Amino acid sequence: MRRVDPVLQLLGPIALIGIAALVGMIVSTSAETYVINALVNVAIVVALYVFIGNSGVLSFGHISFVAVGAWAAGVLSMPVEEKPAIMPHLASLLRDHTLGNVWSLALAAAVGAAYALVVGLPLMRLSGLGAGIATFGVLEITHNVLRYWEKIGPGLNTFSAVPETTGLLQASLGAMLAVVVAFAYRRSRFGRLLGATREDATAARAVGVSVYRQRLIAFVLSGTLAGFAGGLYVHLLPVNTESVYLDLTFITLAMLVIGGATSLWGAVVGALAVSAVDSFLAEAESGIHVFGQSLDLPAGTRIVVVGALMALVLILRPAGLTGGRELAFRQRRPLRVLTKFAK
Amino acid sequence: MTVAVLGIDWQTLADAIGLGAIYALMAVGIGLVFGVLRLVNFAYGQLVMAGAYALAFASERGWPVSVGIVLCFAVVLALSALMDQIVFRPLRGQSPAVMLVATFAVAFLLQSIALLWFGPLGKISASLATLNQPVTISGVDIRKIAIVATVLAAGCLLLLVVLLGRTRVGLHMRAAAMDFRTAELLGVRAGRVIGAAVLISGLLAAVVAVMLTVQTPLVTPDFALRDTILVLAGVVLGGMNRLVPATLGGFAIGFASGLLGGALPTDQSQYLPSFLFAAVILVLLVRPGGLFTREGQQAVERV
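Everything numeric in this text was worked out from a predicted model, so none of it was measured.

S.K.: What is the right way to read the overall build of chain B from this model?
M.R.: Counting its secondary structure elements, chain B contains 12 helices and four strands. What you see for chain B is a C-alpha radius of gyration of 19 Å, in line with the 19 Å of a compact globule of 303 residues. Reported as C-alpha extents along the three principal axes, the dimensions of chain B are approximately 60 × 45 × 35 Å. Within chain B, the fraction of its 303 residues that count as buried is 52%. For chain B, restricting intrachain contacts to residue pairs at least 6 apart in sequence, the fraction spanning at least 24 positions comes to 74%.

Rendered as structure tokens:
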């Protein structure tokens, strides 16, 4: 059975994404948008998992990488003739060039990686609360700069006119790609070393693991995936600075925590489960019929429910829905340290 | 009459001190609870927000100021006790990061409840608006609220010093903040200490609510959210593990925020959050244990 488990750990999440994509194919067009959005969320949450789940260090700053990825892909894939209307102050290099869909996604990933490297080089020395506050600072700075620096993007405007290429196919392929990368990393030497530092930093250091270097590697990889997911996001719907800020930070962290931060399976399950609840409530806010009853919830119910869910899961089941475990044929003894975050 | 340096006038200076004083009170509220529970309360700002809504509620109905303030205290204290019972208690023993994420969720929950309840447009709390008018002291105009905030904060801090230094409960709280297990073994009652910390922290949130609504009379669901983020940064910056450094950190970030906001030219002041948080990150990197802690008190380990 043990030899089969790794295969299951990869195929489980992939299959789940496939099922979500199938659901997206059979439902109505308006519901399809929710499914695509959920799949992009999977990519973001898997990116979060690569760093937070494997290192146990909290980061509030990952949505910054999603934001710069979205900016890079959005600015460079908007048709040249549309740019002056939305981004009148754009630097000439960005104004005169346009990239195709795939290249813009690759660029988003590259920009995410570069930014994560710049941020991670100093910040990975911190842990615990210091890391939490410092990454929050990164989010604030990124949001602030993107909002007002009109040479590199639309500033307060919204990325309308970006080609909407993130359909069901691109979103599910993107989410699967993120899962494969995360899985490969987790199974690699680096992933295992970082996992060791999460469980016991002192012991890991004693056998010669550089906690700093391992965390930095994971941070850059997770920044790459987050930037890529940002590219998917900007090709899905008109993004602005507010859509890649506190609300997205909150909801993606909630997905990771509700699913179970320490496993890839948990990240995917959490992202899809919370997205499902969230989409259902979003529909209900505009009025739907369920089991013959008409349900019409006031606007804002979504975040109340998701916030309550997240608090409940943290209180009742701190390791998340999946218990932070990967998928396995045989249930092993539950690990005690699964929710451990670095102190 | 202006101070020559950087074009900062006395008005800006007074406002910065006033803001620093308010942030210092918030820092104490967060620091006290952290001391006994090891819990960073991200939802502290939502206590302030609830108090501000209570004030706006009273002001809209034309109730006298005193009734509004009493209502504000009642709402904030009730919510604070509720938060302790429902959220903090079951989370005891978790790592600080887990608790930070949990209170992050509670903050969003309360904020969206406010959004559902009162709508996104906000309510006006105008009953104390007269405090915004300036008084003239030797030719310098200073807003009354800056003076009131500074005096009130100084008074609160003084009371707190007396409480912590001269009373039994204060002694117990300090002991619990230093080492909860040992303090319990020596006969400190955990429930009472935690209750006292939550109560005082709630009282401070109510005071802050009253003063912030004078500065910003428009109460929206994200009221005090910005301030909480800044104060949290200030508290970590000053040194989370001790109350005095945490308070100084809160004051410093409020003062810096007020001063920079006044001193930066308009086209740069939009980047104020970037300057502030860049400074915070820099300090965290150079002194991860806190800016105002002495060597040897630093509990933080670098990797």
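Now that the structure has been shown, the text picks up again.
S.K.: Can you help me understand the interface of chain A and chain B in this one?
M.R.: The figure often quoted for interface size is the accessible area lost as the parts come together. Between chain A and chain B, the residue contacts involve 41 residues of the former and 40 residues of the latter. Elements supplying a minimum of two residues to the side of chain A that touches chain B: helix H7 (128-148), helix H11 (211-234), helix H12 (246-259) and helix H14 (301-316) of chain A. With 13 residues, H7 of chain A is the single largest residue contributor to the side of chain A that touches chain B. A class-by-class count of the residues in the side of chain A that touches chain B yields 27 nonpolar, 10 polar and four charged.

S.K.: Is there a simple way to think about the pairing of strand E2 (residues 134-137) of chain B in this case?
M.R.: Every other side chain in a regular strand lies on the same face of the sheet, so the side chains alternate between the two faces. All names here are of chain B. Of the strand pairs in this sheet, E2 and strand E3 (residues 140-143) are connected by four bridges, and their pairing is antiparallel. Paired with Pro 134 across the strands is Arg 143, a residue of E3. Between E2 and the antiparallel strand that follows it, E3, lie two residues; Ser 138 among them carries a positive phi value of about 40°.

S.K.: Got a minute to help me understand the packing of helix H9 (residues 225-238) of chain B against helix H10 (residues 243-263) of chain B in this structure?
M.R.: Two quantities define a packed helix pair, namely the angle between the helix axes and the distance between the axes. All names here are of chain B. Interhelical geometry of H9 versus H10 gives an angle of 130° and a closest axis separation of 7 Å. Relative to H10, H9 is oriented oblique. Judged by the twist between their axes, the crossing of H9 over H10 is right-handed. Residue-level contacts link Leu 230, Val 231, Ala 233, Gly 234, Val 235, Leu 237 and Gly 238 of H9 to Pro 245, Ala 246, Leu 248, Gly 249, Gly 250, Ala 252, Ile 253 and Ser 257 of H10. Here the residues of the contact of H9 with H10 sort into 10 nonpolar, five polar and no charged.

S.K.: I keep staring at the packing of helix H6 (residues 168-178) of chain B against helix H8 (residues 190-215) of chain B and nothing clicks. Help me out?
M.R.: All names here are of chain B. Where H6 meets H8, the axes come as close as 10 Å, and the angle between the chain directions of the two elements is 100°. With respect to each other, H6 and H8 are oriented roughly perpendicular. Residue-level inspection shows Val 169, His 172, Met 173 and Ala 176 of H6 in contact with H8, the latter providing Val 193, Ala 196 and Ala 197. In terms of residue class, the contact of H6 with H8 is built from six nonpolar, one polar and no charged.

S.K.: It is not clear to me how the nonpolar core should be interpreted in this structure. Could you clarify?
M.R.: Soluble, globular proteins show a tendency: their nonpolar side chains are buried together. Ranked by internal contacts, the top residues of the largest apolar core, which has 216 residues, are Ala 43, Val 46 and Ala 229 of chain A. In terms of residue count, the dominant contributor to this core is helix H1 (residues 10-37) of chain B (19 residues). Apart from the residues within four sequence positions on either side, Ala 229 of chain A is in contact with Val 40, Ala 43, Ile 44, Ala 47, Val 66, Gly 69 and Ala 178 of chain A.

S.K.: Looking at this structure, I do not really get the environment of Val 102 of chain A. What am I missing?
M.R.: All names here are of chain A. Tracing the sequence through the fold places Val 102 in helix H6 (residues 101-123). For Val 102, a count of 11 C-beta atoms within 10 Å corresponds to the exposed category. Between the C-alpha atom of Val 102 and that of Leu 312, which follows or precedes it by 210 residues, the distance is 40 Å.

S.K.: I keep staring at the confidence of the model for chain A and nothing clicks. Help me out?
M.R.: The predicted structure's coordinates, where accompanied by low pLDDT, should not be read in detail. All names here are of chain A. Looking at chain A as a whole, the pLDDT averages 86, with 92% of positions reaching at least 70. Predicted confidence in chain A is weakest over strand E2 (residues 293-295), with a mean pLDDT of 67, and strongest over H11, with 95. Segment residues 336-343 is flagged for pLDDT under 50; beyond a separation of four residues in sequence, or across chains, it makes 26 contacts in the model.

S.K.: Looking at this model, I keep getting lost on the confidence of the model for chain B. Mind explaining?
M.R.: Predicted confidence across chain B gives a mean pLDDT of 84, with 93% of residues reaching 70 or more. On the interface metric, ipTM, the complex scores 0.84, and its pTM is 0.88.

Definitions and limits used
- Positions within a chain are numbered from 1, following the residues in the order the chain's sequence is written.
- Whichever chain is written first is A, and whichever ligand is written first is 1; the rest continue in order.
- Reporting of local features is limited, given that this is a predicted model, to residues whose pLDDT is at least 70; pairs of side-chain atoms are given and counted only at 80 or more, and all residues count toward the totals for whole chains, interfaces and linings.
- Starting at the N terminus, helices and strands are each numbered in turn, a helix being any DSSP run of H or I of at least four residues and a strand any DSSP run of E of at least two.
- Note that the radius of gyration is over C-alpha atoms, with the globule rule given as 2.2 Å times the number of residues to the power 0.38.
- Partly exposed residues are those whose C-beta has more than 12 but fewer than 20 other C-beta atoms within 10 Å; with 20 or more the residue is buried, with 12 or fewer it is exposed, and the C-beta atoms are placed from the backbone.
- Contact between two residues is assigned whenever their backbone-derived C-beta positions fall within 7 Å.
- Each residue receives one of three labels: charged for Asp, Glu, Lys and Arg, nonpolar for Ala, Val, Leu, Ile, Met, Phe, Trp, Tyr, Cys and Pro, and polar for the others, Gly being one of them.
- Pairing between strands requires that DSSP locate at least two bridges from one strand to the other.
- Comment: axis = line fitted to C-alpha atoms, over the contacting stretch for helices; angle = value between 0 and 180 degrees taken between N-to-C directions.
- Throughout, the term roughly parallel applies to angles under 35 degrees, roughly antiparallel to angles over 145, roughly perpendicular to angles from 65 to 115, and oblique to all others.
- In this scheme the crossing of two helices becomes right-handed for a clockwise turn of the near helix relative to the far one and left-handed for an anticlockwise turn of less than a right angle.
- Only buried Ala, Val, Leu, Ile, Met, Phe, Trp, Tyr and Cys residues enter a nonpolar core, and they are joined through C-beta atoms within 7 Å.
- Values of pLDDT, ranging from 0 to 100, describe the predictor's confidence in every residue of the model.

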